[in-house]
Amino acid sequence: MSRQQDEQGVVLTAYTSNSEALPAISCKEQTEFLGASRRTGQYNVQRCKGSGKAPYQRCSSQDSLDEQAMVDYFKEVEIIQRSGDAETQEDLQLKVADEGEQEEAWLMEAGLATLFDESASDGEDSIVLLSTLTRTQAAAVERRVETLKQTLRKRNKPYSVPDVREIFKPSPASQSKDEAGSTERSASSKQEVEGLGNGAGPDAETDINLEVSFSEQALIYKEGLKVTQPQNEADDRLPDFRVSQDKTGQTRVGDLSAEDMKKVRRLVLIEMSALFDTCGIEVKAHKALKVKVRESGLFGVSLSTLLEQDQRRILGTKVPLILQHLISHIEEQGLDTEGVLRIPGAATRVKAVCHELEHKFYEGMFPWESLKQHDTASLLKLFIRELPYPLLTVEYFNAFISVLKLPTKKQQLQALNLLVLLLPEPNRDTLKALMEFFQRVTDHKDRNKMTLNNVAVVMAPNIFMCKGFRSKISEQQEFAMATGTANIVRLLVRYQNLLWTIPKFVLNQVRKHNMENQRKMNRDRVVKKLLKKMAYDRERASDKQEKNTEAEGGFIRVQAPQFSMVSMAIQLTEDLKASDVLTRFLSQERSLSVKREDLCLYEMGGNIKERCLDEETYIKAVLELNPSAEWVIKSVQH
């Protein structure tokens, strides 16, 4: 982590920014904005001398976050500073992993430890994973393996890292076939991106293609298929990006089984790295930090600990109860209060309420009716800042900041989509709850005067200025970070419906991974189970033939084991959707007390473990993608 002090003598404490765009602001204004010094992860102006240097020039990449908007940002910094959060906590320096260590950690997280450690237990699974990668994803893996090998060679350490040329080397029999397939896939990808980017309708530039790897799209863009991007202006004038319609349905976070989500996360890590590699952006990951944290309570407690506490009270809780109550209280009191997130509550009162919550919240004795609106908003922001580990995680913090280096707004959204999927589940669910709340706040902007810009600039310091983690950065880096982090929050709020979606190309790779695993399992069965397997296969073949006969005859069989119905035959048509199946089920089972919104049709088996289908999914399209799938209706917990 770099430590810098500019010529004017300003030393600021915060995360290091990777951005370089700077708004124009004078030294005098800095002092006015930032106020007195503070500790633990907050900004600290030590002194400010006069200088003959020209003021920093504003960069056009800051979109419409104008000077007045950034005044609100630094006012929020000053409010945080005066609140004196955690004054006794020692600052922790974030460290970037050494060369070689970072590559090892990356390969382990991607499930490819076997590429540098032959004793790794997931060797077979790694081979299957590698077989699903695109050319840009494969290049990302090769780059890290080669870097690791060079690092070990420099250190004169023995190593067993394979030659990168051997990692993806196809067998002679399949080489020509693979090359032909690769060429065909490349041409297909190029054609699809050309269609989206070169005149395929007036809205082509704002269509998000989830069927082609983002890094492949970036490579094609880089090779010359550039399109004119719309001017990015704040709030209502941000582009209305749309996900292209797909008959197999959208897959959102929470729709897949934990087993398949593990594969998604590995593939997304590789894809995210491939996207940044393709755009020539190097992202250094911070080392994970181990800090002493409270083992119980509400504020200053890790998300995992909070959820353990909450799940003992309400099974299945995914977002901390204290955060849910704070959000609900603000909404119950009305979102029309002017400056609901911008105007702070009284510091002494907020501190007293925080202490009272710690002792009375779980007992249900806290007097919510006496809590003022602005105090509640201050408590919500305090909760985020007091998390012992950043909401966006230490490991991916630099990657979030680096998103704005990508050349187009579309690529920035694609990168954010991948980063959201990489977050641990508690962080991702909590972030989603916050973004949905911020959107509801902006829906009332005519009364509360909280536009998307206003929300972004006041919440960015609370999300990105994290308790206890410090680095000294220059004045120049400070203002670049201010505008950069505010822009990231804008994108997270504005495009949240897109960002929590699993791209179809990743899901297709998961399907391929599952099919390859099944083939390997069938080949590797021991001889003593052969007869049993053959008998089982005959039985399954009979069942499958019966199912195929039903499908060929124009019917599918839907099961509902949670309910009284054993199975239900439904005629298969071109227009049959998941919503139609659920409607048919409820019409036959009128005695059920379950609500329509609590039911979901699942695609199960075949090349997917389990997938909850959105209601606009066309059944025939999924059946063509997964002929062995079974259809099951289950109740879902919201």
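What counts and what doesn't
Residues numbered from 1 in each chain as written. Predicted model: local features only at pLDDT ≥ 70, side-chain atom pairs only at ≥ 80, totals over all residues. Heavy atoms only, no water. UniProt positions renumbered as here; feature names shortened; annotations may be inferred. Helix = DSSP H or I, 4+ residues; strand = E, 2+ residues; numbered from the N terminus. Buried < 20%, exposed > 50% of the residue type's maximum accessible area, 1.4 Å probe, protein only. Contact = heavy atoms within 4.5 Å. Expected span 1.5 Å × (residues − 1). Axes fitted to C-alpha atoms, helices over the stretch in contact; angles between N-to-C directions. Parallel < 35°, antiparallel > 145°, perpendicular 65-115°, else oblique. Nonpolar A, V, L, I, M, F, W, Y, C, P; charged D, E, K, R; others polar. Pairing = 2+ DSSP bridges. pLDDT = per-residue confidence, 0-100. Salt bridge = Lys/Arg side-chain N within 4 Å of Asp/Glu carboxyl O. Phe/Tyr/Trp six-rings, centres within 6.5 Å; stacked < 30°, edge-to-face > 60°. Lys NZ or Arg CZ within 6 Å of the ring centre and 35° of its normal. 1 Å grid on protein atoms, 1.4 Å probe; cavity = no way out; pocket = protein on both sides within 12 Å on 5 of 7 lines; lining within 4 Å. Points joined across faces, edges and corners; volume = space filled by probe spheres on them. Core = buried A, V, L, I, M, F, W, Y, C linked by side-chain atoms within 4.5 Å. Left-handed = near helix turned anticlockwise from the far one by under 90°.

Per an unreviewed UniProt entry, the protein goes by Rho GTPase-activating protein 18-like and derives from Sinocyclocheilus anshuiensis. Turning to the protein, the UniProt record has this under Function (unreviewed entry): "GTPase activator for the Rho-type GTPases by converting them to an inactive GDP-bound state."

Undergrad: Explain the overall build of the protein to me, please; I cannot follow it from the model alone.
TA: Summing up its helical and strand segments, the protein has 24 helices and 13 strands in all. Burial status across the protein gives 52% buried among its 638 residues. Within the protein, contacts between residues separated by at least 24 positions form 79% of all contacts whose residues are at least 6 apart in sequence.

Undergrad: Sorry, what's going on with the environment of Ala285 here?
TA: Among the structural elements, Ala285 can be located in the loop between helix H9 (258–278) and helix H10 (303–311). Assessed through its relative accessible area of 28%, Ala285 is described here as partly exposed. Measuring from C-alpha to C-alpha, the distance between Ala285 and Val96 comes to 6.0 Å, with 189 residues separating the pair along the chain.

Undergrad: Would you mind showing me how to read helix H5 (residues 135–154) here?
TA: The α-helix advances 3.6 residues per turn, and as a result positions three or four apart in sequence lie on the same side. Between its terminal C-alpha atoms H5 stretches 28 Å, which fits the 28 Å expected from 20 residues at 1.5 Å a residue. Those residues of H5 not exposed but buried are Thr136, Gln137, Ala138, Ala140, Val141, Arg144, Val145, Thr147, Leu148, Lys149, Thr151 and Leu152.

Undergrad: Please clarify how the packing of H5 against H9 should be interpreted in this entry.
TA: Between two packed helices, both the angle of their axes relative to each other and the distance between the axes serve to describe the pair. At a minimum axis separation of 8 Å, H5 and H9 run at an interaxial angle of 85 degrees. Here H5 is positioned roughly perpendicular relative to H9, judged by the angle of their axes. In this structure, H5 uses Thr136, Gln137, Ala140, Val141, Arg143 and Arg144 to contact H9, whose residues at the interface are Ile270, Glu271, Ser273, Ala274, Asp277 and Thr278. Each residue belonging to the contact of H5 with H9 can be placed in one class, and the counts come to four nonpolar, four polar and four charged.

Undergrad: Just checking my understanding: could you explain the sheet that holds strand S9 (residues 555–559) for this structure?
TA: Sheet strands line up and pair through hydrogen bonds in the backbone, either parallel or antiparallel. Ordered in space as S10-S9-S13-S11-S12, the five strands form an open sheet in which the pairing is mixed. Edge strands, defined here as strands with exactly one partner in the open sheet, are strand S10 (567–571) and strand S12 (608–612). Neighbour-to-neighbour, the strand axes of this sheet turn through a mean angle of 30 degrees, independent of strand direction. For strand S11 (residues 599–605) and strand S13 (residues 630–635), the ladder comprises six bridges, and the chain directions are antiparallel. Along S13, the bridge assignment pairs Met604 with Glu630.

Undergrad: Would you mind showing me how to read the confidence of the model for the protein here?
TA: If pLDDT is low for a region, its predicted coordinates should not be looked at in detail. Looking at the protein as a whole, the pLDDT averages 77, with 69% of positions reaching at least 70. Confidence drops under a pLDDT of 50 for residues 1–63, and excluding neighbours within four residues, the segment shows 173 contacts in the predicted structure. Long-range and interchain partners of residues 171–185, a stretch whose pLDDT sits below 50, account for two contacts in this model, where long-range means more than four residues apart.

Undergrad: Would you explain the pattern of salt bridges in this entry?
TA: Pairs can form between side chains of opposite charge whenever their charged atoms are close. All chains considered together, the criterion is met by 25 salt bridges. Residue Arg265 is joined to Glu109 by a salt bridge in which the shortest nitrogen-to-oxygen separation is 3.1 Å. Of this pair, Arg265 sits in helix H9 while Glu109 sits in helix H3 (residues 101–109), placing them 156 residues apart in sequence. Relative accessible area serves as the criterion here: at 31%, Glu109 is assigned to the partly exposed category. When the shortest N-O distance is used, the salt bridge between Glu574 and Lys620 registers 2.6 Å. Of this pair, Glu574 sits in the loop between S10 and helix H23 (578–588) while Lys620 sits in helix H24 (residues 619–625), and the two are 46 residues apart along the sequence. Taking relative accessible area as the criterion, Lys620 reaches 28% and is therefore assigned partly exposed.

Undergrad: Honestly, the environment of Lys351 in this entry has me stumped. Any pointers?
TA: With respect to the helices, strands and loops of the structure, Lys351 is situated in helix H12 (residues 347–360). Considered as a pair, Lys351 and Leu379 are 28 residues apart in the sequence and their alpha carbons are 8.7 Å apart.

Undergrad: How should the packing of aromatic side chains be read in this particular structure?
TA: For any pair of aromatic rings, the description rests on two quantities: the centre-to-centre distance and the angle between the ring planes. Taken as a whole and assessed by the stated rule, the structure comprises 10 aromatic pairs. Note on Phe299 and Phe383: the rings are 6.3 Å apart at their centroids and 75 degrees apart in plane angle, and the pair reads as edge-to-face. Here Phe299 is found in the loop between H9 and H10, whereas its partner Phe383 is found in helix H13 (residues 373–386), with 84 residues between them in sequence. One exposure class covers both Phe299 and Phe383, and it is buried. Of the aromatic side chains, those joined through ring pairs into one cluster are Phe361, Tyr362, Phe366 and Trp368. Sitting over the face of the ring of Trp106, Arg144 holds its NZ or CZ atom 4.8 Å from the ring centroid. We note Lys432 situated over the ring of Trp500; from NZ or CZ to the ring centre the distance is 4.9 Å.

Undergrad: Could you clarify how one ought to interpret empty space enclosed by the protein in this entry?
TA: The probe, sized like a water molecule, is rolled over the atoms to show the empty space still left. On inspection of all chains with the given rule, the structure shows four cavities of 30 Å³ or more. Computed from the structure, the second largest cavity encloses a volume of approximately 140 Å³. For the second largest cavity, the lining is made up of 18 residues, of which Leu210, Asp246, Gly249, Gln250 and Lys504 are closest to its centre. When residues of the lining of the second largest cavity are traced back to their parent elements, those giving at least two are strand S8 (501–502) and helix H21 (504–523). Here the element with the most residues in the lining of the second largest cavity is H21; it accounts for four residues. The residue makeup of the lining of the second largest cavity, split by class, is six nonpolar, seven polar and five charged.

Undergrad: Just to check I follow, could you spell out the nonpolar core for this structure?
TA: Side chains that are nonpolar tend, in soluble globular proteins, to be buried together. Within the largest apolar cluster, 122 residues are counted, with the highest numbers of intra-cluster contacts made by Leu341, Leu357 and Leu380. Formed by 21 residues, the second largest nonpolar core is a distinct cluster that contains Val558, Phe563, Leu613 and Trp631.

Undergrad: Whenever I open this one, the pairing of S10 confuses me. Can you help?
TA: Across a regular strand the side chains alternate sides, sitting on one face of the sheet and then on the other. Burial of the side chains of S10 is restricted to one face: Met568 and Ile570 are buried, whereas none of Ser567, Ala569 and Gln571 on the reverse face is. The sheet contact formed by S9 and S10 spans five bridges and is antiparallel. Note that in S10 the partner of Ile556 across the bridge is Ile570.

Undergrad: Sorry, what's going on with the packing of H12 against H13 here?
TA: Where H12 meets H13, the closest approach of the two axes is 10 Å, and the angle between their N-to-C directions is 65 degrees. The orientation of H12 with respect to H13, classified from their angle, is roughly perpendicular. Note on packing geometry: the crossing formed by H12 with H13 is right-handed. Of H13, the residues touching H12 (which contributes Arg349, Val350, Val353, Cys354 and Leu357) are Asp375, Ser378, Leu379 and Leu382. Split into classes, the residues belonging to the contact of H12 with H13 amount to six nonpolar, one polar and two charged.

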